[in-house]
Amino acid sequence: MKQSRRIAGSILVGALCFAMAMPAFADSKSDVSSQINSLEGQASELESELASMKANKTSIESYIAELDTKIKETLSALDTVSDEIEQTNEEITVAKKNLKKAEAVQKTQNHALKARIKAIYECDEDDSFFRVLLQDADLKRLLNSQEYKSRINMYDYDLYTNLEETTQKILDYEQELGEKQANLEKNKDTYQQQMDELNVILDERQSELSSLDESMQAAYSDISDIQSQIDAQNSKMASILA
């Protein structure tokens, strides 16, 4: 764009110098005609340069429109992933509360199971096995033991395993949500980086467009000045021909 302004400026300066350098006897028909032709040639060059700048401006404006569309799409995606992150955070909070409740229920049931087992077998003549297990507080080992299964119904076993499975499901779900959240945060960072890059490009193109507008205004001004000189020379030609 700066080069365009230099070209336009050089043409105008050349036109002015040409007009000033003409001697007094240049008011002949031939000289005036020559000067008019020269000025018209310079104006034509400026018009050509101006046409090129207009085409360039159209191209830049079209590209800016595409950037605007991409920015809007990226911003929409960024808003969506931000909403998903917020929703996932809420789900994680609920999962943590559910896990805490499940662990509390499991702990309460464990104590109840131990108490029930102790009550059932504390008078048993052969209670050494269970006493050892109860001291070790290894309910899973006790409930999975063949001896226990053979001496009591499956209620305690099913209750314990169901509680354990429920707790594990909540743990797995919480881990799944954590992984989902990590992926969403990664996507958010990617979209934010794209937004930053697009905004930088947009700023550059808008600056280029502003500079181009200045060059076009300068070209219009130069063409107007040259046209004034042409009009002046045409007036001289009219006087000569009168």
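Being a predicted model, the structure only gives us computed values, none of them experimental. (Residues numbered from 1 in each chain as written. Predicted model: local features only at pLDDT ≥ 70, side-chain atom pairs only at ≥ 80, totals over all residues. Heavy atoms only, no water.)

### Considering the overall build of the protein
Condition: Each helix corresponds to a stretch of at least 4 residues labelled H or I by DSSP, and each strand to a stretch of at least 2 residues labelled E; elements are numbered beginning at the N terminus. It only takes one pair of heavy atoms within 4.5 Å for two residues to be counted as in contact. Note that accessible areas follow from Shrake-Rupley with a 1.4 Å probe, and for residues the cover is restricted to the protein chains shown.
Check the secondary structure of the protein and you find six helices and zero strands. Going residue by residue from the N terminus, the α and β elements of the protein occur as α-α-α-α-α-α. Sequence-distant contacts in the protein: of pairs separated by 6 or more residues, those separated by 24 or more amount to 82%. Of the roughly 15,100 Å² of accessible surface on the protein, 50% is carried by carbon and sulfur atoms.

### A look at a negative patch on the surface
To be explicit about the condition: Each patch is built from residues lacking any salt bridge and having more than 30% relative accessible area; the joining distance is 9 Å for like charges and 5 Å for nonpolar side chains (Val, Leu, Ile, Met, Phe, Trp, Tyr). Criterion for a salt bridge: a side-chain nitrogen of Lys or Arg within 4 Å of a carboxyl oxygen of Asp or Glu. Asp and Glu are treated as the negative residues and Lys and Arg as the positive ones, with His and the ends of the chain left uncounted. Throughout, a charge is located at the NZ atom of Lys, the CZ atom of Arg, the CG atom of Asp or the CD atom of Glu.
Together, D79, D83, E84, E86 and E90 make up a negatively charged patch on the protein surface. Within the secondary structure, D83 sits in helix α2 (residues 29-121).

### With respect to the pattern of salt bridges
For the structure shown, the criterion picks out three salt bridges. For D213, the salt bridge goes to K57, with nearest N and O atoms at 3.1 Å. Taken together, the residues span a long stretch of sequence, with D213 in helix α6 (residues 155-241) and K57 in helix α2 at a distance of 156 residues.

### Overview of the nonpolar core
Under the convention used in this document: Nine residue types can take part in a nonpolar core, namely buried Ala, Val, Leu, Ile, Met, Phe, Trp, Tyr and Cys, and a core is a set of them joined through side-chain atoms within 4.5 Å. Summary of the burial criterion: residues with accessible area below 20% of their type's maximum are buried, those above 50% are exposed, and those between are partly exposed, where the area comes from a 1.4 Å probe applied to protein chains only.
Counting residues in hydrophobic clusters, the biggest one holds 26 residues, and the most contacted among them are L50, M53 and I226. Where this core is concerned, the elements lending two or more residues are α2 and α6. Per-element accounting of this core gives the leading share, 14 residues, to α2. In this structure, L50 is in contact with M216, A219, Y220 and I223, ignoring residues within four places of it in sequence.

### Concerning the environment of N89
Inspection of the secondary structure puts N89 in helix α2. Sequence-wise, N89 and G178 are 89 residues apart; in three dimensions their C-alpha atoms are separated by 8.8 Å.

### Topic: the confidence of the model for the protein
Spelled out, the test is: Values of pLDDT, the confidence the predictor places in each residue, fall between 0 and 100.
Residues with a pLDDT of 70 or more make up 72% of the protein, whose mean pLDDT is 81. Here residues 2-8 is a poorly scored stretch, pLDDT under 50, and it has 10 contacts once near neighbours within four places are set aside; other chains count. Across residues 15-26, confidence stays below pLDDT 50; counting only partners more than four residues off in sequence or on other chains, it has 12 contacts.

### Comments concerning the environment of D196
Relative to the elements of secondary structure, D196 occurs in helix α6. Once the C-alpha coordinates of D196 and I71 are considered, the two residues, 125 residues apart in sequence, prove to be 9.4 Å apart.

### Remarks on the side chain of Q233
Checked against the element boundaries, Q233 lands in helix α6. Exposure remark for Q233: the relative accessible area of 6% places this residue in the buried category. Those residues in contact with Q233, other than ones at most four positions away along the chain, are V32, Q35, I36 and L39.

### Some words on the environment of D222
One can find D222 in helix α6. With 176 residues separating them in the primary sequence, D222 and L46 have C-alpha atoms 7.9 Å apart.

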